[in-house]
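Summary of structural features
Here is what each chain is made of, one letter per residue.
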Amino acid sequence: MARAPSAVVPWAIDHIDQEITMRSRARTATATAALIALFAAGCSGGISGDSASDDGGGLFDQEDGGEAEASGDALTAWPEPDVAASTTSPIHPQVRMDVRDVVRSADGLTTLLVDVANDTNDEVGLHQLVGQDSGALFFSLFDADNGTRHFPIRRTEVGSALCLCSSDVAIGSGETTTVYATFADIDPDVGTVRVEIDDWAPVPDVPVQSVGAFAPLAAADAIVEYRDDLRVEMLSVSDHGDAGSVLEVRYTNVASPEPVGLSDFPAPGDLSLVDLDGRSAVIPRVVDFRPVVAGDTDANELAVDESVTYQVLMAPLPETTEAVVLRGRGLRRSFPVTVRDGAGEPAVALPGGDVQEAEAFGLEARTDRFTTAMVGNEAVNEPPVDEIGPELPTVPVTGSVTSEPQPGWTVDVRGVVRGTGAHATLVMDLTRTEQAEDRWPESLGEFGNNLSLVRVIDPAGRRSYGPLATDSANIVGSSDAVSFDEGTDTRTVFAAFPDLGDAETVSVDLPGFGAVEDVPVVDGPDETDGAAVAATMRLEASAAFRMDVLDVGRLPEGGGTVVRTRVVNESSQETVRTPFAGSQSVTCELALLDPATGVRTFPLTPCAATAWEAELSAGESLVFETRFPALVEAAESVLVDAPGYLLSPPVRVVDDTLPWYLGLPGNADDPDTDTVAGRIATVDGAAETTQDGDTVEVVLGADVLFEFGSATLTPAAQATVAGLAAQIAEGAAGGGLDIVGHTDSVGDEAANQTLSEQRAEAVRVALEPVVARPDLEFEVSGRGAEVPVAPNEINGNDNPDGRADNRRVTVTYTAG
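About the cut-offs
- Residues numbered from 1 in each chain as written.
- Predicted model: local features only at pLDDT ≥ 70, side-chain atom pairs only at ≥ 80, totals over all residues.
- Heavy atoms only, no water.
- Helix = DSSP H or I, 4+ residues; strand = E, 2+ residues; numbered from the N terminus.
- Buried < 20%, exposed > 50% of the residue type's maximum accessible area, 1.4 Å probe, protein only.
- Pairing = 2+ DSSP bridges.
- Contact = heavy atoms within 4.5 Å.
- Core = buried A, V, L, I, M, F, W, Y, C linked by side-chain atoms within 4.5 Å.
- Phe/Tyr/Trp six-rings, centres within 6.5 Å; stacked < 30°, edge-to-face > 60°.
- Lys NZ or Arg CZ within 6 Å of the ring centre and 35° of its normal.
- Expected span 1.5 Å × (residues − 1).
- Polar contact = N/O pair within 3.5 Å; in protein donor to acceptor, adjacent residues only side chain to side chain.
- pLDDT = per-residue confidence, 0-100.
- Lys, Arg positive; Asp, Glu negative; His and termini not counted.
- Salt bridge = Lys/Arg side-chain N within 4 Å of Asp/Glu carboxyl O.
- Disulfide = S-S within 2.5 Å.
- 1 Å grid on protein atoms, 1.4 Å probe; cavity = no way out; pocket = protein on both sides within 12 Å on 5 of 7 lines; lining within 4 Å.
- Points joined across faces, edges and corners; volume = space filled by probe spheres on them.
- Nonpolar A, V, L, I, M, F, W, Y, C, P; charged D, E, K, R; others polar.
- Arc of directions from axis to C-beta.
- Axes fitted to C-alpha atoms, helices over the stretch in contact; angles between N-to-C directions.

**Describing the environment of Val260**
Tracing the sequence through the fold places Val260 in strand β17 (residues 260–261). Given a relative accessible area of 1%, Val260 falls into the buried group.

As structure tokens, this is what we get:
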């Protein structure tokens, strides 16, 4: 039987004030929030680079200014287009989306319908699947012919979320729910579009069907997306001028044998009326934060075939409005219903109280217009999770050292892995105990948690090597991402060094700790062609996790480079949230190092990458993609540097790679790069040379050149100066040559300044006549103890190794 409406009273919204679900769909806690929730999530997004936004003009204007032509009879029921293709998401592996053909109707609307199939054991909210905002669908249609991406119709206010699309419905376990999004008209000549859904693989070449117009009706059903046994009928809409408009709506339990709670229907206060022709929307009028609704407030549930009718006082409609559609949480947009002229006062009168001013909200149909074509996508083809690539070999511990000025720290030196490019990797274990006062042994790195002061020494070749770095504090490698737990904790750390030549064993000099002799140099893996996993990188903090490099590939036609990585929980029995290391945007902190040239390349800015996260159990993985600028043509292989992970083996750069998930404009911006270089010195520390681009810096060890406190070159220093003079004479370009003296912090400041100037001048006097280059201008200065490269003290204790590094003379010139 049907329930008759009771006396006209404001809708009692007490049922919104408790935890009520629409298939476990959370409602807001207050009446105010219930109204605001109508606009709680926006339907926009996508990459805006290489595009220009166009939000102006008529909502349904054609590109040529003409009207859309009808194709077929007027529609009186929703069309059922064919499924064009399916798409999957790596963060929702047991959910599938079947994208149906796009429907372009003659009334200036374009509609996308998507079947969402939930094969998990739990109920899934739509907002969990598409974007992270509550309720809104982040769908878009890309028209490749016109370089235009279309977004669903929405409210114009920034931060608003009235989107003419499905809201946050919940899909039960084993169920399939059809959701929708409404767009403005697209070019009538477009035959296919690319459907892009945030966090899902794009679907190319989806056909566009042209159909008739959605016919205005005297009354219309709105499909309840999450329950096919419920019916919401828009019985009538009447216009009462400035007082408002009255919506009459009926809720019916069509087929459920069990009584259905009214909370399974959208609350009348959540409904809105949308005038698509007038590009506007109205919501219920509000008194004391309560929408004005009349109906049977005693009704709590409906048995089968029972119904309840409500009248809702909406804000006034624009004078030009002829028909409206109904929108509500969990409802598919209704067919348009003709607006009747209301006679006299509305059936639902405003009660006494604080009346909120009524207003209508504008709608827009946002588009992004791209100046270039879009990069295509290829099918997802992830290798099995247990398949790994070449990785740095595990080397046994060679020797251990502790630090007297830094108690509580132990360094276990493992070995050096020779790379196939111009680099080698030193791998060590660093242990911190409860006795350690600091979070990192300061003597190992300058200005931070790094290994910038560590040296690898080849006694046979009489050479000393410093880490590859862009400057003294920015080395290639991990370390700065390492954090130690309380108590005793061990982390694997590493640093990249220049090519060590044919050295078979080296010693590792660890300032503040001492040296470890006879450290083996072992061969690392060669790069592999055509492997499903190009390289594997281990997480420093835990052996239970890894990162696989699947591809480093050039995009076609100058589109840049795409790097595809995969994080894997190999063995942790605890569920762990990705990305495991570094910041939450670790994919935007990757770097590619070309060991042959020393050029390091960074992702494009703003970063274009898959930014998703997931909880991974043991044996589960998640694929990420990051877009880089184009690499130089000569780059054949690169090293992948990721915060918190051991450096990758060389990865071959392949051609004609396409992304799996990213939707990208076809061209790439200029690269953001820097150049890394390693310091190569004589084994006695007399001279250390670094070349960064065309800038050459030679560091002369003052302890080798001068006696203590003296500015007179020793006889032993003459050979060092002669070798440097020959190097400059042969390799320097014309222009300036800077000689700067430095001291440690011991002694009087003025005396240190004078000594630094005198030592720099002594080097000039020895160099200039031997170089014999009139095109070089020698500039001499002293900096005293102002610019240390190592700490003079650690924890208040003297640091002799650091002070020795600070006593130096630098010679800087431009290479020819």
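We are not done yet, so read on.
**Considerations on the sheet that holds strand β45 (residues 599–602)**
Read from one edge to the other, the open sheet built from five strands follows the order β49-β48-β44-β45-β51, with strand pairing classed as antiparallel. The outermost strands of the open sheet, each flanked by one partner alone, are β49 (651–652) and β51 (672–675). Sheet analysis places strand β44 (residues 591–594) next to β45, joined by three bridges and oriented antiparallel. Within the sheet, the bridge partner assigned to Leu592 lies in β45 and is Thr601.

**Considering the pairing of strand β59 (residues 808–814)**
Across the seven residues of β59, five count as buried, placing the element largely inside the fold. Of the strand pairs in this sheet, strand β55 (residues 735–742) and β59 are connected by five bridges, and their pairing is antiparallel. What sits directly across from Val740, in β59, is Thr810.

**Comments concerning the environment of Glu570**
With respect to the secondary-structure elements, Glu570 resides in the loop between β42 (561–569) and β43 (576–577). Counting along the chain gives 185 residues from Glu570 to Val385, while the straight-line C-alpha distance between them is 8.7 Å. Setting aside anything within four residues of it in sequence, one finds Glu570 in contact with Ile388, Arg538, Ala543, Ala544, Arg546, Ala618 and Gly619.

**Topic: the nonpolar core**
Leu129, Val130, Phe139, Leu247 and Tyr251 are the most contacted members of the largest nonpolar core, which has 81 residues in total. Every residue in contact with Phe139, bar those within four places of it in the chain, is listed here: Leu112, Val114, Val130, His150, Phe151, Pro152, Val179, Ala181, Phe183, Glu196 and Ile197. If you look at the next biggest cluster of nonpolar residues, it comprises 37 residues, including Ile91, Ala201, Ala544 and Leu616.

**Observations concerning the packing of aromatic side chains**
This structure, assessed with the given rule, holds twelve aromatic pairs. Seen in terms of ring centroids, Trp78 and Tyr180 are 6.2 Å apart; in terms of plane orientation they differ by 65 degrees. Their pairing is edge-to-face. Of this pair, Trp78 sits in the loop between β1 (51–54) and β2 (83–89) while Tyr180 sits in strand β11 (residues 176–184), and the two are 102 residues apart along the sequence. Tyr180 matches Trp78 in its accessibility class, with the two residues each being buried. The ring of Trp78 has Arg332 sitting right over it, with the charged end atom 5.1 Å from the ring centre. Its end group placed over the ring of Phe214, Arg333 keeps NZ or CZ at 4.9 Å from the ring centre.

**Some remarks on helix α5 (residues 749–771)**
Quick reminder: α-helices carry 3.6 residues per turn. Residues three or four places apart thus point the same way. In a regular helix each residue adds 1.5 Å, so 23 residues correspond to 33 Å; α5 covers 33 Å between its end C-alpha atoms and thus fits that length. Every buried residue of α5 is accounted for by Asn752, Leu755, Ser756, Arg759, Ala760, Ala762, Val763, Ala766, Leu767 and Val771. Considering only its buried residues, α5 is in contact with β54 (695–701), α3 (702–705), α4 (717–731), β55, β56 (776–782) and β59. Capping the start of α5 is the job of one residue whose side-chain oxygen sits 2.9 Å from the backbone nitrogen of Ala750: Asp748. Of the residues trailing α5, Ala772 is marked for its positive phi of about 55 degrees.

**Comments concerning the pairing of β54**
Taken residue by residue, a regular strand's side chains alternate between the two faces of the sheet. Of all the seven residues making up β54, five are buried; the element is thus mostly covered by neighbouring parts of the structure. Pairing of strand β53 (residues 687–692) with β54, which is carried by six bridges, proceeds in the antiparallel orientation. If you follow Glu688 over to β54, its bridge partner there is Val699. In the sheet, β54 pairs with β59 via seven bridges, with the strands oriented antiparallel.

**Quick look at the confidence of the model for the protein chain**
Looking at the protein chain, pLDDT values average 84 and 87% of them are 70 or higher. Ranking the elements of the protein chain by mean pLDDT puts helix α1 (residues 31–36) last, at 28, and strand β30 (residues 399–402) first, at 97. Segment residues 1–71: pLDDT under 50, and 201 contacts once partners within four positions in sequence are set aside and those in other chains are kept.

**Side note on the side chain of Asp101**
The residue Asp101 is located in the loop between β3 (92–100) and β4 (102–105) in this model. Put simply, Asp101 is tucked away with no salt bridge, and the nearest opposite charge, on Arg100, sits 8.1 Å away. If near-sequence neighbours (up to four positions away) are discounted, Asp101 is found in contact with Pro81, Asp82, Ala84, Val206, Pro207 and Gln209.

**A few points about the state of the cysteines**
Within the structure shown, the criterion is met by two disulfides. The disulfide bridge from Cys163 ends at Cys165, spanning 2.3 Å between sulfur atoms. Its S-S torsion of approximately 130 degrees makes the covalent link between Cys163 and Cys165 right-handed. Classification of Cys165 as buried rests on a relative accessible area of 2%. Across the disulfide from Cys588 sits Cys607; the S-S distance is 2.0 Å. On the S-S bond that ties Cys588 to Cys607, the torsion sits near -90 degrees, and the link is left-handed.

**A short note on the pattern of salt bridges**
Scanning all chains against the criterion turns up 37 salt bridges. Of the charged contacts in the structure, one is a salt bridge between Arg227 and Asp229, with a shortest N-O distance of 2.8 Å. When sorted by exposure, Arg227 lands in the same class as Asp229, which is buried. With its nearest N and O atoms 3.1 Å apart, the salt bridge here joins Arg455 to Glu688. With Arg455 in strand β33 (residues 455–458) and Glu688 in strand β53, this pair connects stretches of sequence that are 233 residues apart. Members of the salt-bridge network, linked through shared partners, are Glu382, Glu391, Arg538, Arg546, Asp548, Arg566 and Glu570.

**A few points about the layout of surface pockets**
Each pocket or cavity is described by its volume, and for the second largest pocket that value is around 910 Å³. Taken together, 39 residues form the lining of the second largest pocket, with Arg455, Gly685, Glu688, Val699 and Asp805 sitting closest to its centre. If you list the elements that add at least two residues to the lining of the second largest pocket, you get β33, β35 (469–471), β52 (680–682), β53, β54, α3, α6 (800–806) and β59. Here the residues of the lining of the second largest pocket sort into 15 nonpolar, ten polar and 14 charged.

**Brief notes about α4**
Compared with an ideal rise of 1.5 Å per residue, which puts 15 residues at 21 Å, α4 spans 21 Å between its outermost C-alpha atoms and is within 8% of the ideal. Taken together, the buried positions of α4 are occupied by Ala717, Thr720, Val721, Leu724, Ala725 and Ile728. Each buried residue of α4 lies within a common arc of 135 degrees when the element is viewed along its axis, so the set occupies one face. Exposed residues on α4 whose side chains face more than 90 degrees from its buried face are Ala719 and Glu730.

**A few points about the sheet that holds β42**
Spatially, four strands are ordered β40-β41-β42-β47 in an open sheet, and the strand pairing comes out antiparallel. The sheet is open, and its two borders are formed by β40 (535–538) and β47 (620–628), each paired with just one other strand. Direction aside, neighbouring strands of the sheet carry axes that sit 25 degrees apart on average. Note: β42 against β47, nine bridges, orientation antiparallel. Paired with Thr561 across the bridge in β47 is Phe628.

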